[in-house]
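# Survey of secondary and tertiary structure
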Amino acid sequence: MELRHLRHFVALAEEGHFGRAAERVFVVQQALSNSIKNLEDEVGVPLVLRTTRKVQLTPAGREFLEAARSTLEQADQVIERARRAARGEVGRLTLGFVSGMVFGGLPDVVRTFRERYPNVSVALHELTAQEQELGLRASQLDIGLMLLPVRDPGFAFEALWRQELVVALPSAHPLTRKASLNIADFAHEPFVFFPRQIRAAYYDQVMRWCASAGFAPRIVQEAIEVPTLLSLVAAGLGVFLPIRFFERVSLPGVTYRPIEGAPVVDIVAVWRRQDDNPVVRAFLQVAREVLISERVGED
């Protein structure tokens, strides 16, 4: 049974006239008449009484009319839902992110996305970059938020955050009184930092930066979470080189300072290259808009 036959029948029932019904559904009168005849043949009973003056429904036709209207309404809802899914307005998004992103704009992005797409459910998972890559390959994640590099050719990526490194110092440290700091100023300082297996790209970037100044950092304590590392700084165990947006973490005993020539860290959104999920495209667009506005505000 074709939906167009149902639409033709409803138009005829409501107009009571073949000519007006044909105009309403944009077909010629003969095509409408054939459509109603095909529908009656399929149903197996007459639905319409044809007279010279007007069209009347049979008892079967009156009963069929209500069912036809209900079917068309449901069909319209299904079609609209499919169109909304194609626009990324319904569905599900599973998002992975590295520790600390909650301090760097991720809450603003997720809040804006949920406001704009209330019918998309968002699941958030705090994972290491390695765990996110595994989740993407297994189709358990739609998008991962992590640091470069991303070497898998099956992944597409886009830098959404660009943040330079800063230094977190114990507030009583003499270097907090300097107006300008250089990475060489920390050659003899103890460091607290991530284990390399947790943040390999980040770790290697910091090591190269320090090596360019002629020293290798003396790491006296490792921890896997930024708040823990900052607590170690507050306790006076050493200095830490976080991404700038961690300055939002206000912790007694910790003072942040910029460093001249600090390298920039790219935080990227990663997704499967062949994934054509419109929800992914919608999230990326929202992230671009929110983060661009935040960068303008910072300037």
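Residues numbered from 1 in each chain as written. Predicted model: local features only at pLDDT ≥ 70, side-chain atom pairs only at ≥ 80, totals over all residues. Heavy atoms only, no water.

Keep this limit in mind: UniProt positions are given in the numbering used here, feature names are shortened, and annotations may be inferred rather than shown by experiment.
Identification of the protein as LysR family transcriptional regulator from Deinococcus rubellus is taken from an unreviewed UniProt entry. What UniProt states about the protein under its Sequence similarities (unreviewed entry) heading is, verbatim, "Belongs to the LysR transcriptional regulatory family."

## Observations regarding the overall build of the protein
In plain terms, the rule: Each helix is a run of DSSP H or I of at least 4 residues and each strand a run of E of at least 2, with the numbering of both proceeding from the N terminus. Atoms counted for the radius of gyration: C-alpha only. Globule rule: 2.2 Å times the number of residues to the power 0.38. Under the scheme applied here, a residue whose accessible area is under 20% of the maximum for its type counts as buried, over 50% as exposed, and between as partly exposed, the area being computed with a 1.4 Å probe on protein chains only. Surface accessibility in these figures is a Shrake-Rupley result with a 1.4 Å probe; residues are shielded only by whichever protein chains are displayed. In this count, Lys and Arg are taken as positive residues and Asp and Glu as negative ones, while His and the chain termini are left out. The atoms used to mark charge sites are NZ of Lys, CZ of Arg, CG of Asp and CD of Glu.
Of the regular secondary structure elements, the protein holds 9 helices and 11 strands. Here the C-alpha atoms of the protein give a radius of gyration of 32 Å, more than 25% beyond the 19 Å that 2.2 N^0.38 yields for 299 residues. Principal-axis analysis of the C-alpha atoms gives the protein an extent of 105 × 35 × 25 Å. Counting every position in the protein, which comprises 299 residues, the buried fraction comes to 46%. Here the protein displays about 15,500 Å² of accessible surface, and carbon together with sulfur accounts for 51% of that area. Once the 35 positive and 36 negative side-chain charges of the protein are each reduced to a mean point, those two points are 3 Å apart.

## Examining the pairing of strand 9 (residues 218-222)
Selection criterion: For two strands to be treated as a pair, DSSP must find no fewer than two bridges joining them. Seen with its strands pointing away from the viewer, a crossover is right-handed when the path leading from the first strand over the helix to the second is clockwise.
Pairing geometry for strand 8 (residues 190-193) and strand 9, over 4 bridges, is parallel. If you follow Phe 191 over to strand 9, its bridge partner there is Ile 219. After leaving strand 8, the chain enters helix 7 (residues 200-212) and then returns to the sheet as strand 9, a path that is right-handed.

## What about the packing of helix 1 (residues 3-15) against helix 3 (residues 29-43)?
Cut-off, in case you're wondering: Throughout, an axis means a line fitted to C-alpha atoms (over the contacting stretch in the case of helices), and angles, computed between N-to-C directions, take values from 0 to 180 degrees. Throughout, the term roughly parallel applies to angles under 35 degrees, roughly antiparallel to angles over 145, roughly perpendicular to angles from 65 to 115, and oblique to all others. In what follows, residue pairs with any heavy atoms lying within 4.5 Å of each other are defined as contacts. Ten residue types, Ala, Val, Leu, Ile, Met, Phe, Trp, Tyr, Cys and Pro, are classed as nonpolar, four, Asp, Glu, Lys and Arg, as charged, and the remainder, Gly among them, as polar.
Viewed as axis vectors pointing N to C, helix 1 and helix 3 meet at an angle of 110 degrees, and their least axial separation amounts to 9 Å. Between helix 1 and helix 3, the angle is such that the two are roughly perpendicular. Residues Arg 4, His 5, Leu 6, His 8, Phe 9 and Leu 12 of helix 1 pack against Leu 32, Ser 35, Ile 36, Asn 38 and Leu 39 of helix 3. Looking at side-chain class alone, the contact of helix 1 with helix 3 contains 6 nonpolar, 4 polar and 1 charged residues.

## Quick notes on the nonpolar core
Formally: The definition of a nonpolar core used throughout is a set of buried Ala, Val, Leu, Ile, Met, Phe, Trp, Tyr and Cys residues joined through side-chain atoms within 4.5 Å.
Of all hydrophobic cores here, the largest spans 74 residues; its most connected members are Met 101, Phe 113, Ile 143, Leu 145, Phe 186, Phe 240 and Leu 241. With 9 residues, the top contributor of residues to this core is helix 9 (residues 278-298). Residues in contact with Leu 145, not counting those within four places in the same chain, are Leu 95, Gly 96, Phe 97, Val 98, Met 101, Leu 106, Gln 132, Leu 160, Trp 161, Val 268 and Ala 269. In this structure, Phe 9, Ala 22, Leu 47 and Leu 57 belong to the second largest nonpolar core, which totals 19 residues.

## Concerning the environment of Leu 93
With respect to the helices, strands and loops of the structure, Leu 93 is situated in strand 3 (residues 90-97). Taking relative accessible area as the criterion, Leu 93 reaches 0% and is therefore assigned buried. Residues within four places of Leu 93 in sequence aside, it is in contact with Phe 113, Val 120, Ser 121, Val 122, Ala 123, Asp 142, Ile 143, Val 279, Val 280 and Phe 283.

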